[in-house]
Amino acid sequence: MSSTKYILGIFDDPDELMHGIDKLQKNSIPIYDVYTPMPIHGIDAKLGIKDSRLGYAAFMFGCMGGTTIFTLVYYFLAHDWPMNIGGKNFFPIPDFIPVTFEWTVLFASYGMAFTFFFATHLFPGRAPRVMDLRATNDKFVIAIDAKGDVPHEDINTILKEAGAVEVKHNDRKYVSYE
Amino acid sequence: MNTHNSFDEQFEFTGKVKTYSLAAIAVGVITILAGFLTNNGERTFANLLLMGYYFACVCIAGVFFCALQYVAQAGWSASLIRIPQAFAKVLPVAAILLLIIIIAGLTLTHTTEIEGKQVIAPYLYKVWHQAGVTTPGSENYDPILAGKSGFLNMKFFLVRLVLFLGGYTIFGLLLAKYSETEDDLGGLFYYKKSFTISAAFLVVFGFTQPIFSFDVIMSLEAHWFSTMFGWYNFAAMWVSSLAVITLVIIWLRTQGYMQWITQDHLHSLGQLIFGFSIFWTYVWFAQFLLIYYANLPEESVYFFRRWEPEFKPWFWLTIVLNFMAPLLIIMARDSKRITGVLKTTCIILVIGHWLDYFIMIMPGTVGPQSEWYTEIGLIELGVFVGFAGLFIFLTLNALSKFKSLIPKKHPFLQESLHHHI
């Protein structure tokens, strides 16, 4: 048994990459993931990636921020130490709306950023998970799990035919932890 | 997916919709006559002003839509730009109608009661245009309004209106004409020309639109003023126009036209509607909060009038229709992509912004009726139906005059046909 864990087809051009995905799918070779230096239109539909749930996270964080500050302001200004500001009553809701809005936006944006970091294993200072470092620069990479039933030679041929400039057999999943 | 669209298809304006829109116009005319004959002259005039303004605003915002797309060099909207162009072609009629309503309202007078006194006042703008308001010694003399009379006098008022409406109309007609010439000749020349006049229009519009709404609506209660009022009106006209554009497109699609418009175009329109509904609320609240917080009598009188028991339910309903409804219904991506849901939201917003204008106009013109539920009666409904019929008739008529429902040689047409989000 070979020690190859992942087979990487490296492309120069996004159109050829899309063509390569088509070819692999036609031959029923499961694609593990695709790494590109820039977003490619329509690739997520082609790979069958589910819609991002980041929006739901943003909504929940927003609700959390709004509730937090509204409760705090209510406690400070209406419950614990009622203050007469401009002759208004002690619980002037319109006055609290700007700060509620701001905290909703603040929590939603920070919450979204941290959810994104968490979901993609990114964090400042942490080594990113990259299968081929050139995928962050000018190359487009299709990764195929080598454990599948298809002979590796066939995968090599299909990738080459599709226009891959290089086919790599990696013994380890991520090269970036060195 | 159907990739073979006929770009030569022409809209034919026939059938039921023509009959119904003409019937609606007839209903409107009968309501207006009945309004005057039943001695409801002032209420009829207020409604005419409301719908005349609403009608003109939807058309003006159509011109704004075209100009915005050209200046942003937007590609996604190229295949649906004929709809706002049709609005621009209707704008001359809308502008003349609004001018006739305002001139008639200023010149015709009736006997009415202002602050407990029987006076002879014009039907519209009775606060600043009543005889003697600016004459020292007259019993109607009002020093505040006399101070404003350098700006708020009939001559200058009408000159401004003619200049603004005429200017918007010229820009709108030019944009539509360039696009049609581009269809015949091709090339980038007319696109670049459209870009230039669009940029000029946006500058002109940005500075004059607030003054336009100060004049037409805010001067109904001439003692009161708010610098937010112009932007607040802009948000209202922009959201309502976007909703009407979406409704026209959805209707045309059910009739078998514009099959190149996909769920993605409607999604983009839905995003604009959602975003600008939030913007409307933001501006509405910015105006409200400052007045509430400062609590100066000359400012808070506006909201005091709208908190009378006859107006309060409608006042709150505007927030529900124009903010809560779009917020809750079309926030999610999926709901923007369901045509039925988007259509319902657009109808809610068209009604909601009618109510928004209603709340701006009525307390300062006719004032409270006997009960809150008699505020909106047959006159309001009839005039609304009449103007809606007129708008549908004129817009579809303008659409049928286009040689094709798509600008065939628009440089970004292919981008629009492949719009995908």
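First, a word on what this report is: a plain description of the structure on this page. (Residues numbered from 1 in each chain as written. Chains lettered and ligands numbered in written order. Predicted model: local features only at pLDDT ≥ 70, side-chain atom pairs only at ≥ 80, totals over all residues.)

A word on the overall build of chain A. Looking only at helices and strands, one finds 5 helices and 4 strands in chain A. Starting at the N terminus, the α and β elements of chain A follow one another as β-α-β-α-α-α-β-α-β. Taking 16 Å as the expected radius of gyration for a compact globule of 178 residues, we find that chain A reaches 25 Å, considerably beyond that expectation. Every one of the 178 residues in chain A was classed for burial, and the buried ones make up 16%. Here the analysis covers contacts within chain A between residues at least 6 apart in sequence; of these, 83% occur between residues at least 24 apart. (Helix = DSSP H or I, 4+ residues; strand = E, 2+ residues; numbered from the N terminus. Rg over C-alpha atoms; globule rule 2.2 N^0.38 Å. Buried ≥ 20, exposed ≤ 12 C-beta atoms within 10 Å, placed from the backbone. Contact = placed C-beta atoms within 7 Å.)

Across its full length, chain B carries 15 helices and 2 strands. Its C-alpha atoms give chain B a radius of gyration of 22 Å, near enough to 22 Å, the size a compact globule of 421 residues would have. When its C-alpha atoms are laid out on the principal axes, chain B stretches across 75 × 45 × 40 Å. Counting over 421 residues, chain B shows a buried share of 42%. Contacts in chain B between residues at least 24 apart in sequence constitute 78% of all its contacts with a sequence separation of at least 6.

Here His121 of chain A, not a glycine, exhibits a phi torsion of approximately 55°, which is positive. Among the structural elements, His121 of chain A can be located in the loop between helix 4 (93–119) and strand 3 (140–145). Phi is positive for Tyr125 of chain B, which is not a glycine, with a value near 55°. A tally of 24 C-beta atoms within 10 Å means that Tyr125 of chain B is categorised as buried.

Each side of the interface is counted separately: chain B has 7 residues, and chain A has 7 residues. Top contributing element to the side of chain B that touches chain A by residue count: helix 9 (residues 263–294) of chain B, with 5 residues. Within the side of chain B that touches chain A, the residues separate by chemical class into 5 nonpolar, 1 polar and 1 charged. (Nonpolar A, V, L, I, M, F, W, Y, C, P; charged D, E, K, R; others polar.)

Residue and element names in this part refer to chain B. Two elements, strand 1 (residues 109–114) and strand 2 (residues 117–122), share 6 bridges in a ladder whose sense is antiparallel. Within strand 2, the residue paired with Thr111 across the bridge is Ile120. Linking strand 1 to strand 2, which pair antiparallel, is a turn of 2 residues; within it Glu115 sits at a positive phi near 50°. (Pairing = 2+ DSSP bridges.)

So, on to the packing of helix 4 of chain A against helix 9 of chain B. As a packed pair, helix 4 of chain A and helix 9 of chain B sit with axes 10 Å apart at the nearest point and diverge in direction by 135°. Judged by the inter-axis angle, helix 4 of chain A sits oblique to helix 9 of chain B. As helix 4 of chain A packs across helix 9 of chain B, the resulting crossing turns out to be left-handed. Across the interface between the two elements, Pro94, Asp95 and Ile97 of chain A of helix 4 of chain A pack against Phe285, Phe288, Leu289, Tyr292 and Tyr293 of chain B of helix 9 of chain B. Classifying every residue of the contact of helix 4 of chain A with helix 9 of chain B by side-chain character gives 7 nonpolar, no polar and 1 charged. (Axes fitted to C-alpha atoms, helices over the stretch in contact; angles between N-to-C directions. Parallel < 35°, antiparallel > 145°, perpendicular 65-115°, else oblique. Left-handed = near helix turned anticlockwise from the far one by under 90°.)

This next bit is on the nonpolar core. Within the largest apolar cluster, 111 residues are counted, with the highest numbers of intra-cluster contacts made by Tyr53, Cys59, Ile60, Val63, Leu91, Val239 and Ile361 of chain B. A total of 21 residues in this core trace back to one element, the largest contributor, which is helix 2 (residues 41–71) of chain B. The residues touching Val63 of chain B, leaving out its near neighbours within four places in the chain, are Ala88, Leu91, Tyr168, Phe171, Gly172, Leu175 and Phe201 of chain B. Counting residues in each nonpolar core, the second largest holds 17 residues, with Leu17, Ala143, Ile144 and Ile158 of chain A among its members. (Core = buried A, V, L, I, M, F, W, Y, C linked by C-beta atoms within 7 Å.)

Residue and element names in this part refer to chain A. Spatially, 4 strands are ordered 2-3-1-4 in an open sheet, and the strand pairing comes out antiparallel. If you trace the sheet from one side to the other, it starts and ends with strand 2 (33–35) and strand 4 (166–170), each paired once. Strand-to-strand, the axes of this sheet are offset by a mean angle of 20°, without reference to chain direction. Bridge count for strand 1 (residues 6–11) against strand 3 is 6 bridges, and the pairing is antiparallel. In the sheet register, Ile7 faces strand 3, and the bridge partner there is Ile144. Relative to the sheet, helix 1 (residues 14–26) contacts strand 1, strand 2 and strand 3, its axis offset from that of strand 3 by approximately 20°.

Residue and element names in this part refer to chain B. Compared with an ideal rise of 1.5 Å per residue, which puts 32 residues at 46 Å, helix 9 spans 46 Å between its outermost C-alpha atoms and is within 8% of the ideal. All of the buried residues along helix 9 are His265, Leu266, Leu269, Gly270, Ile273, Phe274, Phe276, Ser277, Trp280, Trp284 and Ile291. Where helix 9 is buried, its residues contact helix 8 (229–254), helix 10 (297–306), helix 11 (312–329), helix 12 (333–336) and helix 13 (339–365). Remark: Asn295 follows helix 9 within two positions and exhibits a positive phi of approximately 55°. (Expected span 1.5 Å × (residues − 1).)

Attention now moves to helix 6 (residues 154–185) of chain B. All names here are of chain B. Here helix 6 spans 46 Å end to end across 32 residues, near enough to the 46 Å set by a 1.5 Å rise per residue. Here helix 6 has its buried residues at Phe164, Leu165, Tyr168, Thr169, Phe171, Gly172, Leu175, Ala176, Tyr178, Ser179 and Glu182. For helix 6, the elements touching its buried residues are helix 2, helix 3 (82–107) and helix 7 (189–216). Looking at the residues trailing helix 6, positive phi occurs at Gly186, about 75°.

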